[in-house]
Structure formats: structure tokens, C-alpha cells
Amino acid sequence: MAVSPQAFPPRKRRPSARSFVSPNFTDHKLLQSLLLLSQEISSLQPLRPLLKRNSCSIIRKTKLIAVLFEELLRNPVPHFSASAVLCFKELHIVLQRVITLIEDCSSGSKMWLLMQNESLSNAFHELTVDLSTLLDIFPVRDMNLNEDVEELVDLIKKQCSETKVFVDPIDDNLRREVLKMLDRIKREIVPDHSRLAQIFDRLNLRDSTSCRDEIESLEDEVQNQTDDKSKSDVIALIGLVRYAKCVLYGASTPRTTSHRWKSAADVSIPADFRCPISLDLMQDPVVVATGQTYDRASIRAWIESGHNTCPKTGQTLPHSSLIPNCALKNLIAMWCRQQRIPFETTETNERKTNGVVTNKTALEATRMTVLFLVNKLTVSQSTETTGRLVHELRVLAKSDSDSRAYIAEAGALPLLVQFLGSEHPNLQGNAVTTILNLSTLEVNKARIMETDGLLNGIIEVLRSGATWEAKGNAAATIFCLTGVHAYRKKLGRKTSVINGLMDLARDGGTTCSKRDALVAILRLAGDRETVGKLVEGGVVELAGESMDELPEEAVTVLEVVVKRGGLAAIVAARRVIGKLANVLRVGRDRIQESAAATLVYICRKGGAETVAELAAISGIERVIWEVMAMGTGRGRRKAGSLLRILRRWAAGFEGDLMAV
């Protein structure tokens with residue numbers, strides 16, 4: 001059964017607040033504002049290719065109404081009646097609504113505009129009816145207008161009153177064609193490319209760039225919808241446009257300017273939105289038995305690897321139940337939208353965990369797009385074409401979980417291996433970033449580890465990649481893979497991985513690449529055997545060097561390493577006590593908490609000489625008191641323990657430091 005033309009709900013318009021506010025102007029000021037509004041509408045271009053006749057009609061009528069306002073300003077009436085002022089105020093509101101409607105239609109998605117063709121035609125008609133009503137009750141005879149203007153007003157009234165709802169039959173037929181095509185895709189029937197080309201030509205989507213802009217407009221439209229059905233319908237259109245872009249116009253090159261949507265790595269993430277384990281933006285925050293919040297994937301991996309304690313507090317977890325932190329999740333989603341960062345939860349865009357919403361059309365369109373790209377990549381001989389195809393896979397792999405699954409299932413991973421060693425920086429960068437995006441899906445981790453040559457290729461990019469971005473994304477891929485306990489052990493045994501991450505964290509040309517390396521090191525440090533290799537490689541010194549640029553990541557790495565690294569780590573950590581004390585003095589709450597916990601552990605295990613080094617730092621007790629007064633709950637507790645250690649040492653109770 002074909003999708004019903006009524007399947008798409010009326011478009012949610014986003015008018016400005018002023019469109020519904022009656023202005024509080026003097027009579028003369030009100031007339032001036034009406035003239036400016038009508039002139040602004042008159043200067044607007046009619047909508048193309050959709051709703052052209054409706055927009056032309058209302059622009060033309062408004063242009064005629066502007067003559068009325070010009071005449072009233074040229075030959076002012078001494079005093080307007082109450083009914084005239086009321087008409088002026090209502091006309092002001094209607095004209096603002098006209099501007100809002102035209103601007104909203106002209107700046108939005110063409111495909112979504114097509115789906116809303118009938119409801120928008122009705123919206124134009126309603127505005128025309130409102131104009132007709134106001135002109136009918138407008139006291140023309142009291143305005144002392146010249147005869148020509150009076151005849152003009154009568155003409156406008158007649159035109160407005162005779163107008164009926166006009167739905168362009170060409171637009172409506174095009175809409176039905178798109179709906180039929182969506183239905184065929186849903187039934188796994190590949191669209192006819194010639195007909196697809198005709199539809200996109202009619203919508204002025206005639207090249208890869210216009211299609212990419214259309215996809216971004218549709219992505220914005222998804223954010224503007226509030227119900228699952230509307231979001232699902234818009235995403236089906238995204239799938240269609242993405243497929244058409246690839247099959248009609250070929251794979252595209254990256255934009256020279258930045259995308260409208262950014263990556264979380266491009267902005268500073270608030271500390272409360274980072275997972276304490278991974279230090280990444282939380283996608284699905286959950287609360288454990290101790291009341292601490294973690295990202296679901298990170299804390300689940302922690303528990304499944306055999307731990308029964310809270311990573312932050314060290315307290316034993318009485319149970320492993322994870323309670324969703326909905327309030328924090330909503331705050332993160334709002335922040336991501338403000339920052340224009342895609343926010344994908346564990347409930348993917350199209351498939352809710354309870355199975356209520358499943359958009360078969362979008363899934364099939366994605367699958368067809370992936371198969372087309374992978375098949376093209378298999379036979380591609382040109383480096384330029386190959387680069388574009390891999391870039392398209394990169395973009396697609398970033399979009400949603402279903403795309404990531406389809407790309408891996410279609411056999412893209414073995415094809416990407418050869419490009420990791422490419423002498424072309426863009427091709428290498430796109431290949432490793434595609435693999436990074438794929439690695440975020442749990443089922444793909446095993447595919448990546450099992451694909452011949454792929455892991456070695458990633459390690460090689462980490463160590464000698466053409467760009468810092470490529471190296472950073474290789475490190476981020478290793479971080480994702482270490483989410484699986486067995487892979488963490490395997491990667492931790494590879495000296496090339498340890499050295500590559502250490503070198504990148506120390507010498508990475510950008511802050512982002514250094515951060516990627518540090519969080520990967522943090523994940524590897526979850527394995528006790530690997531910690532020893534990290535300590536031997538100088539991870540403690542590295543953390544000390546990184547504290548100025550990346551204090552949160554560096555201190556967290558240090559906290560984990562000193563707890564798991566044994567005596568060697570404690571001895572090495574004595575050299576960074578001063579840096580930890582400085583973080584305690586000037587760091588943010590979360591960093592102070594971690595620094596205090598690290599200092600407590602170092603002092604307990606390092607003995608009196610270590611405590612003496614801390615006590616020798618000027619003003620350290622005052623700093624600790626400040627953390628006890630103003631820090632987080634855990635930070636206050638750790639600061640209290642640290643103060644007791646210092647006082648026991650000062651009192652000569654050196655043997656009791658462990659008991660504090």
C-alpha cells in the first residue's frame with residue numbers, strides 16, 4: 001500500500017514572537033511601520049520552485065496595499081476612528097505573519113516544503129482571507145482618499161474575496177510521486193534513477209552541493225519536530241536525498257568551510273557532561289548505587305570487566321542496577337542543540353528500544369546508499385573518485401548506528417585497510433575517521449579486530465599518520481576498541497600502541513589529538529598488566545607535562561595509574577606533587593577532586609618523605625581548607641583525609657599514615 005498523501009503532518013512553523021503582538025504605536029508611527037512592512041514584503045522574491053503562485057499572489061496584493069499607506073502618510077487624517085486604528089493594528093500583525101511565512105518557506109527544506117504543500121497553500125489562503133476581512137471593515141470613506149486610491153482598495157478587496165485555496169496540481173503530483181518512491185524504497189525496490197533525476201531537477205536539487213544543503217535543512221527540521229512520527233518522516237526524506245545525491249551526482253568532496261553541525265571535539269564540553277571514566281560527552285547518563293553518574297556504555301564495561309566498586313568513590317556497589325539520569329540527559333541534549341553538535345542516544349534516531357517506532361523507509365534508503373558506495377569503491381581506479389567515496393562513507397558512518405552497521409556488513413572494512421597507508425593525506429584521514437565512526441558501534445568492534453591488517457593499519461596511522469587529525473582519530477579508534485575488556489588486554493600488550501599513544505600525547509600538534517591519546521591511555525590503564533608498561537614508558541611524567549594544557553585528562557590518568565601501578569608509579573608520582581598541588585589550588589571542582597584523591601593515595605603509599613614534600617609547598621593547608629569548604633562531596637572528603645595525613649605527619653605519627 002502506498003504512503004498516504006496525508007501521512008505527513010502539517011509543517012511546524014517557527015514565527016517570531018513579534019508576529020502575534022499588536023504594536024503599541026502612535027497613529028503616525030503605526031502607519032509608517034505598516035508602509036515599511038508592506039514595502040519589505042513587496043521586495044521579497046516569490047518562492048521557487050514550490051508555492052510560486054501563492055507567494056506571488058500575496059506579494060502582489062501587499063504591493064497594492066502599500067499604495068494605501070503611502071497615500072495616508074502623504075495626506076494625513078487629523079484623527080483616526082477607533083475602528084480604523086484597530087484595522088491598522090490587525091493589518092500590522094497579518095503583514096508580519098506574511099513575512100514570517102514566506103521567509104520560513106524560503107529558508108527551509110525543499111523536500112519537506114513539498115510534503116507540506118497543501119497545508120502551506122491553506123496558510124497563504126488564510127492570510128489572504130484575513131486581509132479581505134480587514135479591508136471589508138476598514139472605513140475607507142472616512143480617510144479622505146482620492147478616487148484612484150479608493151478604486152484601488154476596492155480592487156484589492158475584490159481580489160482577496162474571490163481567492164480560493166490554490167494547490168498547484170504540478171506540485172501536488174510531484175508530492176505524490178515522492179510518496180510513492182518512499183513506499184517503493186520501504187518495500188526494498190530500488191528507485192528508478194531517471195524518475196529520481198526528474199524529481200530532483202524539479203526541486204532545483206541539481207548537484208551534490210544543493211543536496212548536501214538539503215540534507216542539512218532536513219536535519220534542522222528533525223530538531224524542530226516534537227513527535228516521533230514527524231521525526232521519522234523527515235528522516236525518511238533524509239535517506240532519500242542522501243541516496244539520490246550519491247547515485248545522481250556521485251560522491252562529493254568535503255566542504256572547504258565548516259559544517260553547520262560540529263563534532264563534540266570542536267568545543268569545550270562542560271565537566272558535568274563528561275563521563276568520569278571516558279572523559280567523553282555522555283550520551284546516556286545513568287546513576288549507580290553510590291549516586292554517581294556515568295555514561296551507560298562506560299560503566300557497563302567497567303562492571304562487566306569484573307569490578308564491583310564505584311570508579312569515583314571506590315565504594316563497593318551493593319547492586320549493579322543502572323538508573324537513567326533523565327534530567328542530565330535532557331540538559332546535555334539541549335546543550336548539544338545550542339552548540340550544533342549531533343546528539344545520538346542509545347535509542348537511535350529511528351529505532352526506539354521499545355520497538356514502537358521503526359522507519360523501514362529510512363533504513364532501506366540507507367542500506368541502498370551504502371551498497372552503492374561500497375560497490376563503487378570496489379571498482380574505483382581513480383584516486384580522486386576513491387577519496388570522494390571514502391569521504392561519503394565517513395559522513396554516512398557519522399550519521400547513525402544503522403548506517404554504521406550497514407557499512408560494516410557491506411564489506412567496507414577490508415576495502416578501507418589499503419587506504420590507511422595512502423600517501424594522500426585526505427584519503428588516509430577519511431579512511432581512519434570512517435573506521436573511528438564505525439568503531440563506536442559495539443558489534444563493529446569485533447569486525448575491526450578480525451579484519452586482516454586493519455588493526456596494524458590503525459596503529460601505523462597512530463605512529464606515522466600524515467596529519468595530527470589522522471593520528472588523533474587513530475587514537476580515538478583505539479579508545480573505542482578498548483571498551484571491550486579482551487581487546488583492552490590485547491592492545492595493552494602491544495608496545496607499538498603504548499609508544500604511539502605516549503608520543504601523540506606528548507608531541508601531538510593539536511590539543512584535540514593530545515586529548516584523544518590521553519583518554520585512550522586512560523582506558524588502557526584499566527588493565528593492571530598494561531599499567532606497568534605505561535609506568536615504564538613514562539606515563540606519570542607525561543601526565544605531569546600535560547597538566548597545564550589538559551588538566552582534567554592528565555590528573556585523571558595519574559589517579560588511575562598511581563592506584564594500579566604499584567611502587568614504581570608512587571615513586572614516579574613524587575616528582576609531580578607540586579603540579580598536583582597547583583591543580584588543587586586553581587583547578588575546577590572535578591579536577592580538584594581527582595587531584596586530592598591522587599595526593600591522598602601517593603602520601604599514604606609513599607611514606608613520610610612524600611608527605612614532607614607536600615607539606616613544604618607554601619600555603620598548601622589553606623588550599624586544602626578551601627577544597628574542604630567549596631569542593632564536591634568526594635573532593636571535600638579527600639581534602640579532609642589529606643589534611644589529617646599532613647597533621648599526623650607534623651605530629652610525628654608517621655607510621656599511622658595508612659590508617660587515615
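Residues numbered from 1 in each chain as written. Predicted model: local features only at pLDDT ≥ 70, side-chain atom pairs only at ≥ 80, totals over all residues. Heavy atoms only, no water.

Trainee: Which residues make up the side chain of threonine 530, and what values go with them?
Mentor: Position of threonine 530 relative to the elements: it lies in helix α24 (residues 528-536). Beyond its immediate chain neighbours, meaning those up to four positions away, threonine 530 contacts Arg488, Gly492, Ile498 and Leu524. (Helix = DSSP H or I, 4+ residues; strand = E, 2+ residues; numbered from the N terminus. Contact = heavy atoms within 4.5 Å.)

Trainee: Lay out the UniProt feature "repeat: ARM" (unreviewed entry) in the protein chain with the relevant residues and their values.
Mentor: Mapped onto the present numbering, the UniProt feature "repeat: ARM" (unreviewed entry) falls on residues 411-453. Between the end C-alpha atoms of residues 411-453 there is a gap of 14 Å, over a span that is 70% helix and 0% strand. (UniProt positions renumbered as here; feature names shortened; annotations may be inferred.)

Trainee: Give a description of the packing of aromatic side chains that names residues and reports values.
Mentor: Counted under the stated rule, the structure contains three aromatic pairs. Measuring from ring centre to ring centre gives 5.2 Å for phenylalanine 80 and phenylalanine 88, while their planes differ by 85°; the resulting arrangement is edge-to-face. On the basis of an interplanar angle of 70° and a centroid distance of 5.9 Å, the ring pair of phenylalanine 273 and tryptophan 335 is categorised as edge-to-face. Highlighted residues: phenylalanine 273 in the loop between α10 (228-249) and β1 (285-287) and tryptophan 335 in helix α12 (residues 326-339), separated in sequence by 62 residues. Three or more aromatic residues joined by ring pairs make a cluster, and in this case those are Phe80, Phe88 and Phe138. (Phe/Tyr/Trp six-rings, centres within 6.5 Å; stacked < 30°, edge-to-face > 60°.)

Trainee: Which residues make up helix α31 (residues 620-630), and what values go with them?
Mentor: Along α31, the positions that sit buried rather than exposed are Ile620, Val623, Ile624 and Val627. Down the axis of α31, the buried side of the element spans an arc of 100°, and every buried residue falls inside it. Exposed residues on α31 whose side chains face more than 90 degrees from its buried face are Arg622, Ala629 and Met630. In this structure, the buried side of α31 is in contact with α28 (577-586), α29 (589-606), α30 (608-615) and α32 (633-650). (Buried < 20%, exposed > 50% of the residue type's maximum accessible area, 1.4 Å probe, protein only. Arc of directions from axis to C-beta.)

Trainee: Give a description of the sheet that holds strand β2 (residues 293-295) that names residues and reports values.
Mentor: Pairing is antiparallel in the open sheet, where three strands are placed in the order β2-β1-β3. Every interior strand has two partners, whereas the edge strands, β2 and β3 (323-324), have only one. Here β1 runs beside β3; their pairing, made up of two bridges, is antiparallel. Residue pairing for β3: valine 286 is matched across the bridge by proline 324. Lying over the sheet, helix α11 (residues 296-304) contacts β1, β2 and β3, oriented at roughly 95° with respect to β2. (Pairing = 2+ DSSP bridges. Axes fitted to C-alpha atoms, helices over the stretch in contact; angles between N-to-C directions.)

Trainee: Mind laying out the domain arrangement of the protein chain, listing which residues take part and the relevant values?
Mentor: What the domain assignment reports for the protein chain is domain 1 (17-167), domain 2 (170-249), domain 3 (272-339), domain 4 (367-537) and domain 5 (552-659). Once you take the C-alpha centre of each, domain 4 and domain 5 turn out to be 37 Å apart. Contact residues are listed per partner, giving ten residues for domain 4 and eleven residues for domain 5. Of the roughly 900 Å² buried between domain 4 and domain 5, counting both surfaces, carbon and sulfur atoms make up 75%. For the pair domain 4 and domain 5, the number of links is one salt bridge. Residues arginine 515 and glutamate 553 are paired through a salt bridge, measuring 3.0 Å at the closest nitrogen-oxygen approach. Run the count over domain 4 and domain 5 and you get two residue pairs in polar contact (both at pLDDT 80 or more). Elements with a contribution of two residues or more to the side of domain 4 that touches domain 5: α23 (511-524) and α24. Considering every element that reaches the side of domain 4 that touches domain 5, the biggest residue donor is α23, with five residues. The residue inventory of the side of domain 4 that touches domain 5, partitioned by class, reads seven nonpolar, one polar and two charged. (Domains from an automatic or database assignment. Buried area = accessible area lost by both parts, 1.4 Å probe. Salt bridge = Lys/Arg side-chain N within 4 Å of Asp/Glu carboxyl O. Polar contact = N/O pair within 3.5 Å; in protein donor to acceptor, adjacent residues only side chain to side chain. Nonpolar A, V, L, I, M, F, W, Y, C, P; charged D, E, K, R; others polar.)

Trainee: Which residues make up a negative patch on the surface, and what values go with them?
Mentor: Together, Glu147, Asp148, Glu151 and Asp154 make up a region of like negative charge exposed at the surface. Counting through the fold element by element, glutamate 147 comes out in helix α6 (residues 147-162). (Patch = residues over 30% accessible without salt bridge, like charges linked within 9 Å, V, L, I, M, F, W, Y side chains within 5 Å. Areas by Shrake-Rupley, 256 points an atom, 1.4 Å probe, with all protein chains shown as cover. Lys, Arg positive; Asp, Glu negative; His and termini not counted. Charge placed at Lys NZ, Arg CZ, Asp CG, Glu CD.)

Trainee: Got a sec to walk through the state of the cysteines? Specific residues and values, please.
Mentor: Within the structure shown, the criterion is met by zero disulfides. The thiol of cysteine 326 is unpaired, and the distance to the nearest cysteine sulfur, on cysteine 336, comes to 16 Å. Residue class for cysteine 326 comes out partly exposed when judged on its relative accessible area of 49%. (Disulfide = S-S within 2.5 Å.)

Trainee: Describe the environment of arginine 636, with residues and values.
Mentor: Inspection of the secondary structure puts arginine 636 in helix α32. Sequence spacing of arginine 636 and aspartate 168 is 468 residues, and the spatial spacing of their C-alpha atoms is 69 Å. A polar contact is formed between the side chain of arginine 636 and the backbone oxygen of glycine 631, at a distance of 2.6 Å.

Trainee: Go over helix α18 (residues 442-450) with me, naming the residues and quoting the values.
Mentor: Looking only at α18, the buried set comprises Asn444, Lys445, Ile448 and Met449. The arc that holds the buried residues of α18, viewed along the axis, is 140°, so those residues lie on one side.

Trainee: Outline the packing of helix α8 (residues 193-202) against α10, listing residues and values.
Mentor: Look at α8 against α10: their axes get within 11 Å of each other, and the N-to-C directions meet at 110°. One finds that α8 runs roughly perpendicular with respect to α10. Judged by residue contacts, His193, Leu196, Ala197 and Phe200 of α8 engage Leu240, Val241, Tyr243, Ala244, Val247, Leu248 and Tyr249 from α10. Broken down by class, the residue content of the contact of α8 with α10 amounts to ten nonpolar, one polar and no charged. (Parallel < 35°, antiparallel > 145°, perpendicular 65-115°, else oblique.)

Trainee: I'd like a description of the pattern of salt bridges, backed by residues and values.
Mentor: For the coordinates displayed, the defined rule picks out 38 salt bridges. Here arginine 274 and glutamate 553 are joined by a salt bridge, their closest N and O atoms 3.7 Å apart. With a gap of 279 residues between them, arginine 274 in the loop between α10 and β1 and glutamate 553 in helix α26 (residues 551-564) connect regions that are remote in the sequence. With respect to class, arginine 274 is no different from glutamate 553; both count as buried. The salt bridge partner of arginine 506 is aspartate 503, with a shortest N-O separation of 3.9 Å. Taken together, the positions of arginine 506 and aspartate 503, both in helix α22 (residues 495-507) and three residues apart, correspond to about one turn of that helix. Each member of the salt-bridge network shares a partner with another, and the members are Arg274, Arg515, Glu552, Glu553 and Arg588.

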